[in-house]
Each structure stands twice: as structure tokens, then as C-alpha cells.
Amino acid sequence: MTAARLDHVERLIAPSLASGKWVLSDRFADSTRVYQGIAGGIGLARIDALHDLFLAAARPDLTILLDLPVEAGLDRRRAAGGGSRFEAKGTGFHERVRAGFLALAAAAPERFLVVDGTGSAEQVAQAITADIAHRFAARLGPEGA
């Protein structure tokens, strides 16, 4: 996972940031920290050591965590017809994933935005938009705030 993340950083993220662009990414290092490190049992210290070696220059300014009960999330994936090997791991694994993400968010509240994912798509989007406008007002300037 770390090799794939590093490749993504070198090919897309670093050049984009160097040219002054903002980068949005669906899942990144925190996903590896939780899925493999916490829920997968490898250990957060081992994953963090790898990330410190290879991904230290690519730390996100903001991580948006859409939180909802495990069963609701699994139901949504089934309804969408999607799934992966992770959905097959069962409720206990997903409870550890959720707890892991919430623990990371509690440890770094300045970087995490935890949004109630049980709301409508519009409610979730409004919560995210309002927080981003507030957090990045200085970067957005008066026309973007």
C-alpha cells in the first residue's frame, strides 16, 4: 500500500502541488493506517514508520471523515452494487475501522473534519463546504469565502 501511495505522490500529488494546484484525494495514508495498521493488526507504529520514510512530504492539510454506523455503511455499499474484499471482512473488522478513524480524528482535530454521514447528500455537502470555507478562508481570498 505504501508503494502505491508513494507512486501516487510522485506522479500526481507532488507535481500538482509544485504547480500551485490544490489536490483532492479519495483515501490516502490514513486509510492505510486504519485498514492495515489498526484494523488489520499490522500495528500503527509499523505503518507510521513506513509513512515517515516515504510519505512525510505529502501530509494532508485536511482529512474529511464521513462517519456513519457500520451497518449503514455496509448497506449503502450493497445497495450501490459495489464492494471489495474489505466489505467481506465482516462487521467486527468494520467496527475496528470506524473506531480507528475516529481515534485518528480525535488525536488530530486540527486536521480532521468529522461529518455525520447519516444525513442527506445535500446536508453532508453543506457541512463540508461550510467547514472548508472557514478553514481555508485566507487561502481562498474574499471571492472564495
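Here the structure is shown first, and the text comes after it.
Fair warning: this is a prediction, and the values are worked out from it, not measured in the lab.

1. Overview of the packing of aromatic side chains
Piece 1. Going through the model one piece at a time under the given rule, you end up with three aromatic pairs.
Piece 2. Residues Tyr 35 and Phe 101 carry aromatic rings whose centres are separated by 6.2 Å and whose planes lie at 70 degrees to one another, so their mutual orientation is edge-to-face. Note that Tyr 35 is positioned in helix α2 (residues 29-38) and Phe 101 in helix α5 (residues 91-107), a separation of 66 residues in sequence. Take Tyr 35 and Phe 101: they sit in the same class, and that class is buried.

2. Thoughts on the pattern of salt bridges
Piece 1. Inspection of every chain in the model, using the stated rule, returns nine salt bridges.
Piece 2. Arg 11 serves as the salt-bridge partner of Asp 7, at 2.7 Å between the closest nitrogen and oxygen. Taken together, the positions of Asp 7 and Arg 11, both in helix α1 (residues 2-18) and four residues apart, correspond to about one turn of that helix.
Piece 3. For Arg 11, a relative accessible area of 65% corresponds to the exposed category.
Piece 4. Here Asp 131 ties to Arg 135 by a salt bridge, and the two come within 2.3 Å at their closest N and O atoms. Taken together, the positions of Asp 131 and Arg 135, both in helix α6 (residues 121-135) and four residues apart, correspond to about one turn of that helix.
Piece 5. Taken together, the shared-partner salt bridges in this structure form one network comprising Asp 30, Arg 33, Asp 48 and Arg 111.

3. Thoughts on α5
Residues lying three or four places apart along an α-helix face the same way, a consequence of the helix completing one turn every 3.6 residues.
Piece 1. Between its first and last C-alpha, α5 extends 24 Å over 17 residues, near the 24 Å set by a 1.5 Å rise per residue.
Piece 2. Along α5, the positions that sit buried rather than exposed are Phe 93, His 94, Val 97, Gly 100, Phe 101, Leu 104 and Ala 105. Down the axis of α5, the buried side of the element spans an arc of 135 degrees, and every buried residue falls inside it. The exposed set on the far side of α5, more than 90 degrees from its buried face, consists of Ala 106 and Ala 107.
Piece 3. Buried residues belonging to α5 abut α2, α3 (44-54), β1 (63-67), α4 (70-79) and β2 (112-116).

4. Examining the nonpolar core
Piece 1. Counting residues in hydrophobic clusters, the biggest one holds twelve residues: Val 34, Tyr 35, Ala 39, Leu 65, Phe 86, Phe 93, Val 97, Phe 101, Leu 104, Ala 105, Ala 108 and Phe 112.
Piece 2. Listed by contribution, the elements that provide at least two residues to this core are α2 and α5.
Piece 3. A total of five residues in this core trace back to one element, the largest contributor, which is α5.
Piece 4. Once you skip the residues sitting within four places of it in the chain, Phe 101 turns out to touch Asp 30, Ser 31, Val 34, Tyr 35 and Leu 65.

5. A few points about the side chain of Ser 31
Piece 1. For Ser 31, the position within the fold is in helix α2.
Piece 2. Beyond its immediate chain neighbours, meaning those up to four positions away, Ser 31 contacts Arg 5, Gln 36 and Phe 101.

6. Details of a nonpolar patch on the surface
Piece 1. On the surface, Leu 50, Leu 53 and Phe 54 cluster together into a nonpolar patch covering about 300 Å² of accessible area.
Piece 2. With respect to the helices and strands, the residue Leu 53 is situated in helix α3.
Piece 3. Look at Leu 53 and you get exposed, because its relative accessible area is 65%.

Cut-offs applied
Counting starts from 1 at the beginning of each chain's written sequence and moves along it residue by residue. Predicted model: local features are reported for residues with pLDDT of at least 70 only, side-chain atom pairs are reported and counted for 80 or more only, and whole-chain, interface and lining totals are derived from all residues. For the side-chain quantities, the full set of heavy atoms in the structure was used; hydrogens and water were omitted. In this analysis, rings of Phe, Tyr and Trp, with Trp reduced to its six-membered ring, are considered paired at centre separations within 6.5 Å, and the interplanar angle assigns stacked below 30 degrees, edge-to-face beyond 60, and tilted for intermediate values. Secondary structure is summarised from DSSP: a helix means a run of H or I of at least four residues, a strand means a run of E of at least two, and numbering begins at the N terminus for each. Accessible area is worked out with a 1.4 Å probe on protein chains only. A residue is then buried under 20% of its type maximum, exposed over 50%, and partly exposed in between. Between Lys or Arg on one side and Asp or Glu on the other, a salt bridge is scored when a side-chain nitrogen of the former is within 4 Å of a carboxyl oxygen of the latter. One fewer than the residue count of a helix, multiplied by 1.5 Å, yields its expected span. For this quantity, the arc is that covered by the directions from the helix axis to the C-beta atoms. By definition, residues are in contact when any of their heavy atoms lie within 4.5 Å. For this analysis, a nonpolar core means a set of buried residues of the types Ala, Val, Leu, Ile, Met, Phe, Trp, Tyr and Cys, connected via side-chain atoms within 4.5 Å. Residues enter patches when their relative accessible area tops 30% and they take part in no salt bridge; the joining distance is 9 Å for like charges and 5 Å for the nonpolar side chains Val, Leu, Ile, Met, Phe, Trp and Tyr. A 1.4 Å probe and the Shrake-Rupley method give the accessible areas. Residues count as covered only by the protein chains that appear here.

Honestly, that's just the spatial picture; any functional story needs more than this.
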